[in-house]
Every structure is written in C-alpha cells, then in structure tokens.
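Geometric and topological summary
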Amino acid sequence: MAFTPLHDRVLVRRVESDEKTKGGLIIPDSAKEKPQEGEIVAVGSGARDDDGDRIALDVKAGDKILFGKWSGTEITLDGEELLIMKESDILGVLA
C-alpha cells in the first residue's frame, strides 16, 4: 500500500465481527455494530516534543488493537475501507 500516515497517526483495518450469535442466530448487516477492534496497517514516524525530538509510537504495523467507538476517520484506499486515527485514540494492544 502506498500510504504512510504522518506524525502520530496510524492506519487501521477493522477486524470483522461474527455473523452469528453463540446461539446460532444470523445477524443481518443492518443490525451489526462496527467493530472496535482492528489491525494496524501502517504507522507514522511519531510526533515531536517541545525540543523537536521525535517521540516513537508504542504500536507497530501488525499489532491488534482496541479503539474507541467513534475514533478515527474512515477512508478508502485501493477499494478497501480503513480508518486513520491518532495513537492516543487507541485504547490498548491485544496480546
């Protein structure tokens, strides 16, 4: 992918949620909530502090993350829907 986020931003691909409940009921697309879990596709080079030094990000491409329900901006790159968000919008990294 020919896209690199700037500063402390990350590019995220949402992880799709299950289409069935534990009881076997199929959930229609109109009733599904957008997942709050994703995989980082690309990261920026980091923000700068007051002295101009680069602050490295705590996440890297390939990390599985959780983020807030209203976090990020939806974009479409190469026909794929992705999210771009600041690192501070990430709630945590899944092990």
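Anything mentioned here points back to the structure above.
Positions within a chain are numbered from 1, following the residues in the order the chain's sequence is written. For this predicted model, a pLDDT threshold of at least 70 governs which residues receive local features, and a threshold of 80 or more governs which side-chain atom pairs are given and counted, while totals over whole chains, interfaces and linings are taken from all residues. In computing side-chain values, all of the structure's heavy atoms are included and hydrogens and water are not.

1. Looking at the overall build of the chain
- A run of H or I in DSSP counts as a helix once it spans at least four residues, and a run of E counts as a strand once it spans at least two, with each numbered from the N terminus. What the chain contains, in helices and strands, is zero helices and eight strands.
- Moving toward the C terminus, one meets the helices and strands of the chain in the order β-β-β-β-β-β-β-β.
- Burial status across the chain gives 26% buried among its 95 residues.
- Considering only contacts in the chain between residues 6 or more positions apart, those separated by 24 or more positions represent 62%.
- Computed with a 1.4 Å probe, the accessible areas rest on the Shrake-Rupley method; for each residue, only the protein chains presented here act as cover. Surface exposure of the chain reaches about 6700 Å², of which carbon and sulfur atoms provide 50%. Each residue is placed in one exposure class: buried if its accessible area under a 1.4 Å probe, protein chains only, is under 20% of its type's maximum, exposed if it is over 50%, and partly exposed if it falls in between. Only heavy atoms enter the contact rule, under which two residues are in contact if any of them lie within 4.5 Å.

2. A closer look at unusual backbone geometry
- Despite not being glycine, H7 has its phi angle at roughly 55°, a positive value.
- Considering the arrangement of structural elements, one finds H7 in the segment before β1 (9-14).
- At D78, a position not held by glycine, the phi torsion is positive, near 55°.
- Turning to its location among the elements, D78 is positioned in the loop between β6 (73-77) and β7 (80-86).

3. Digging into the environment of S45
- With respect to the helices, strands and loops of the structure, S45 is situated in the loop between β2 (37-43) and β3 (47-48).
- A C-alpha to C-alpha distance of 8.3 Å links S45 and I55, two positions 10 residues apart in sequence.
- Ignoring any residue separated from it by four or fewer positions in sequence, one finds S45 in contact with P5, H7, R54, I55 and L57.
- A distance of 3.1 Å separates the side chain of S45 from the side chain of R54, its partner in a polar contact. N or O atoms closer than or at 3.5 Å make up a polar contact, with two conditions inside protein: a donor-capable atom paired with an acceptor-capable one, and, for residues adjacent in sequence, both atoms drawn from side chains.

4. Description of the sheet that holds β6
- Read from one edge of the open sheet, six strands run β6-β7-β1-β2-β5-β8, paired in antiparallel fashion. A strand with exactly one partner marks an edge of an open sheet, and here the two such strands are β6 and β8 (90-94). Going across the sheet, the axis of each strand differs from the next one's by a mean of 45°, ignoring polarity.
- Bridge count for β1 against β2 is five bridges, and the pairing is antiparallel. Among the inter-strand pairings, L11 is bridged to a residue of β2, identified as A42. For two strands to be treated as a pair, DSSP must find at least two bridges joining them. With axes taken as lines fitted to C-alpha atoms, and helix axes fitted only over the stretch in contact, angles between N-to-C directions fall between 0 and 180 degrees.

Keep in mind these values describe shape, not function.
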